[in-house]
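Understanding the architecture of this molecule
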Amino acid sequence: MKIPLKYTVRNFKTRLLTTGITVAGITLVVFVFAAVLMMAHGIDKTLVATGSPDNVIIARKAATGEISSIVVNSDAAILFTLPHIAKTSDGRPLATSDVVVIINLEKTSGGLSNLTVRGVSPQAFTIRPQVKIVEGRIFRQGAREIVVGDAVARRYTGTKVGGQISFGGDKWTIVGRFEAGGSGFDSEVWGDSEQLQDAFNRRGGYSTVTLRLDDPKAYSEFKAAFDREQRLQQFEPKSEQQYYAEQSEAMSLFIRILGIFITVIFSAGATIGAMITMYAAVANRTVEIGTLRALGFRRRSILTAFLMESMLLSIIGGLIGIACASVLQFFSISTLNFGSFSELEFSFAMSPGIVVASLLFAAGMGFIGGFLPSVQASRLNIVNALRAG
Amino acid sequence: MANSIIQVQSVSKSYFRDTFEIPVLRNLSLEVHEGEFVALMGPSGSGKTTLLNLIAGIDRPTSGKLIVNGTDIATLNESALAKWRAANVGFVFQFYNLLPVLTAFENVELPLLLTSLSKAERKKHVHVALSVVGLADRMHHYPKQLSGGQEQRVAIARAIVTDPTILVADEPTGDLDKNSAAEVLTLLDRLNKEYKKTIVMVTHDPHAAEKASIIRHLDKGELQ
């Protein structure tokens, strides 16, 4: 039979200060740990939400991102002859040929930052239904008009509807603001692809082509037809969702590795804190340990009780750390996306996986910190322990 | 003649400090019969508490045999000895050794957690034990809310709650005032006479020893 848990819990109250300091240390480390994971998950989530599983994006094989991809007009025309491409009501392919460029714009917080400008075809709003105009209107074809993503409107100066910004050797009028459901499009400016081709001397082609299949299950047939077309071998089709998920990989991996490296260093401090607390607990309760052993509780019960105490302390710290980190979900930050070299706004995102990982991390600190003191407690000589009083 | 419940046969016990051997008990033999109340007296350092610890199975002899309730406890491993103590020995310490974060009820219940009794059965046993020591009305009090005498009575309730074969008491009145000490000794006497408990008590106090049916003196690790 184990030593009752209430013995462990009530002992916390008898040394509130050291317990509090230990819990606070673990809380801080778990907060940082969870925040880092939430940041990486937020980027993943934002970029995954950018793509739709029903859409296929075609980019140049060697391109690492949309800005380094070129699909010339003639290749785009060949693409549209492939089977299983959905059609609009007037029989045109349901697709958008995008021109993706990067401009510099001044941020409201000061300083210049890279911003993605995407020239799109009229069907872009149909195949990306998460993009919705919430203020003003859609730009007109053939006009130097643009619409800005919600995150752009918040973070860059002069980007309110009705304003004008300069790029590509001309002034562009902002006629609308759109929301894109927290996806990467929120951090973009959209305009007419032909106007962007003209402004950036890209008359000959586009960056990527994104199209909707008439049946998502027909992807393998579409892919087979694509592979058979010798004139398209320099391109690669991918699910749009997969494409943007891959764009986030380098960024989120970098954040995870750096963040976890830092928190592991922090955790050494918290673990030593837990260890000191538990050594103090063993020293203060030596007679109690001797008494429990004399009454017949085995070494294993003592070991378990003290290990439980350490882990419980850590889990309490972990839960508080997770609760504090959860508040971060209400905040959005922006960072340079390695895939597009432009600013990407994203929110910290909590997930069940992060909660479990954070709790395991906290419990791990408690286990490591509590192990040696618990072993010491369990190995105390009964007679010596009873004399310690 | 009652059965012999404790047989200490040619037991020696030495402690070691670095390379120095410090003999505490020297070839000591003692027999205690069922239902006896034995007081061990002697000057400090004579080996009284060491002998009590050996009988209670919380220390091991350097040599000799220790048969308690039919078991040669010197041969038991750590785990088996813990189990044996839980079933056979009730402890009463000089400073009561109650766990301060547990109530009187919870302290008394502790040894029962090592048995297979249900929660309801444990509750019943604790009530009986606390009633025997006259503290049923204080069961929800924490040790700091009790007087020294009451704490020691709770400790006695904890010692008897599993109905052990023997009770070992190390200076049970050593930290108590005269009245409380008298109450505790009366209680031990009652446990011996009324409940037929075998008691081995270490004491410096001749008045306390008077309650015992047998008084044995130790000096320099030998029984006089």
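First things first, this report covers the structure right here in the doc. (Residues numbered from 1 in each chain as written. Chains lettered and ligands numbered in written order. Predicted model: local features only at pLDDT ≥ 70, side-chain atom pairs only at ≥ 80, totals over all residues. Heavy atoms only, no water.)

What follows deals with the interface of chain B and chain A. Tallying the contact residues gives 27 residues for chain B and 23 residues for chain A. Surface buried jointly by chain B and chain A totals about 2300 Å² across both partners, of which 64% is contributed by carbon and sulfur atoms. There are four salt bridges connecting chain B and chain A. For B:E78, the salt bridge is made with A:R299, and the minimal N-O distance between the two is 3.4 Å. At the boundary of chain B with chain A, the tally comes to nine residue pairs in polar contact (both at pLDDT 80 or more). When contributions to the side of chain B that touches chain A are tallied by element, the ones reaching two or more residues are α1 (48–56) and α2 (78–88) of chain B. Among the elements that line the side of chain B that touches chain A, the one with the most residues is α2(B), at six residues. Here the residues of the side of chain B that touches chain A are counted per class, giving 15 nonpolar, five polar and seven charged. (Contact = heavy atoms within 4.5 Å. Buried area = accessible area lost by both parts, 1.4 Å probe. Salt bridge = Lys/Arg side-chain N within 4 Å of Asp/Glu carboxyl O. Polar contact = N/O pair within 3.5 Å; in protein donor to acceptor, adjacent residues only side chain to side chain. Helix = DSSP H or I, 4+ residues; strand = E, 2+ residues; numbered from the N terminus. Nonpolar A, V, L, I, M, F, W, Y, C, P; charged D, E, K, R; others polar.)

To continue, consider unusual backbone geometry. Most peptide bonds take the trans form, and the phi angle of most residues other than glycine is negative. Residue and element names in this part refer to chain B. Positioned with a positive phi, N27 is a non-glycine residue whose angle comes to about 45°. Secondary-structure assignment places N27 in strand β2 (residues 20–33). A relative accessible area of 54% means that N27 is categorised as exposed. Despite not being glycine, N97 shows a phi value in the positive range, around 55°. Relative to the elements of secondary structure, N97 occurs in the loop between β6 (89–92) and α3 (104–109). Classification of N97 as buried rests on a relative accessible area of 11%. (Buried < 20%, exposed > 50% of the residue type's maximum accessible area, 1.4 Å probe, protein only.)

Our focus in this paragraph is helix α1 (residues 5–14) of chain A. Of the residues making up α1(A), those classed as buried are A:Y7, A:T8, A:R10, A:N11 and A:F12. Buried residues in α1(A) make contact with α2 (16–50), α9 (286–295) and α10 (299–326) of chain A together with α3 of chain B.

The terminal C-alpha atoms of helix α5 (residues 148–160) of chain B lie 19 Å apart, and with 13 residues this matches the ideal 18 Å at 1.5 Å per residue to within 8%. Within the sequence span of α5(B), burial applies to B:G149, B:Q150, B:E151, B:Q152, B:R153, B:V154, B:A155, B:I156, B:A157, B:R158, B:A159 and B:I160. For α5(B), the elements touching its buried residues are α9 of chain A together with β6, α3, α4 (119–132), β7 (166–170) and α6 (178–193) of chain B. (Expected span 1.5 Å × (residues − 1).)

Right, let's get into the packing of α5(B) against α6(B). All names here are of chain B. Running from N to C, α5 and α6 point in directions that differ by 20°, and their axes come no closer than 9 Å. Judged by the inter-axis angle, α5 sits roughly parallel to α6. For the element pair α5 and α6, the recorded crossing hand is right-handed. Of the residues in α6, those in contact with G149, Q152, R153, I156 and I160 of α5 are S180, E183, V184, L187, L188 and L191. (Axes fitted to C-alpha atoms, helices over the stretch in contact; angles between N-to-C directions. Parallel < 35°, antiparallel > 145°, perpendicular 65-115°, else oblique. Left-handed = near helix turned anticlockwise from the far one by under 90°.)

Attention now moves to the nonpolar core. Residues and elements named next belong to chain B. Among the nonpolar cores identified, the biggest contains 39 residues, and V108, L130, V154, I156, L188, L191 and M201 are the most heavily contacted of them. Breaking this core down by element, the ones donating at least two residues are β3 (37–41), α3, α4, α5, β7, α6, β8 (198–202) and α7 (206–209). Those residues in contact with I156, other than ones at most four positions away along the chain, are V92, V133, V184, L187, L188 and L191. In terms of nonpolar packing, the next biggest core, distinct from the first, is built from 37 residues, I5, V8, L66 and W84 among them. (Core = buried A, V, L, I, M, F, W, Y, C linked by side-chain atoms within 4.5 Å.)

Let us look at the packing of α2(A) against helix α11 (residues 352–378) of chain A. Residue and element names in this part refer to chain A. Their axes nearest at 10 Å, the elements α2 and α11 cross at an angle of 150°. Considering their axes alone, α2 and α11 lie roughly antiparallel with respect to each other. Two packed elements cross with a definite hand, and for α2 against α11 that hand is right-handed. On α11, the residues that touch I26, V29, V30, F33, A34, L37, M38 and H41 of α2 are I354, A357, S358, F361, A362 and M365. Its residues placed into classes, the contact of α2 with α11 shows 12 nonpolar, two polar and no charged.

Turning to the pairing of strand β3 (residues 95–106) of chain A, a few remarks are in order. All names here are of chain A. Where burial is concerned, most of β3 is hidden: nine out of the 12 residues are buried. Judged from the four bridges that link them, β3 and strand β11 (residues 208–212) form a sheet pairing that is antiparallel. Pairing of T96 across the sheet is with T210, part of β11. Bridging between β3 and strand β4 (residues 112–120) involves eight bridges; their strand directions are antiparallel. Considered in β4, the bridge of I102 is made with T116. Hairpin connection, β3 to β4: the antiparallel pair is bridged by five residues, and G110 has positive phi, about 100°. (Pairing = 2+ DSSP bridges.)

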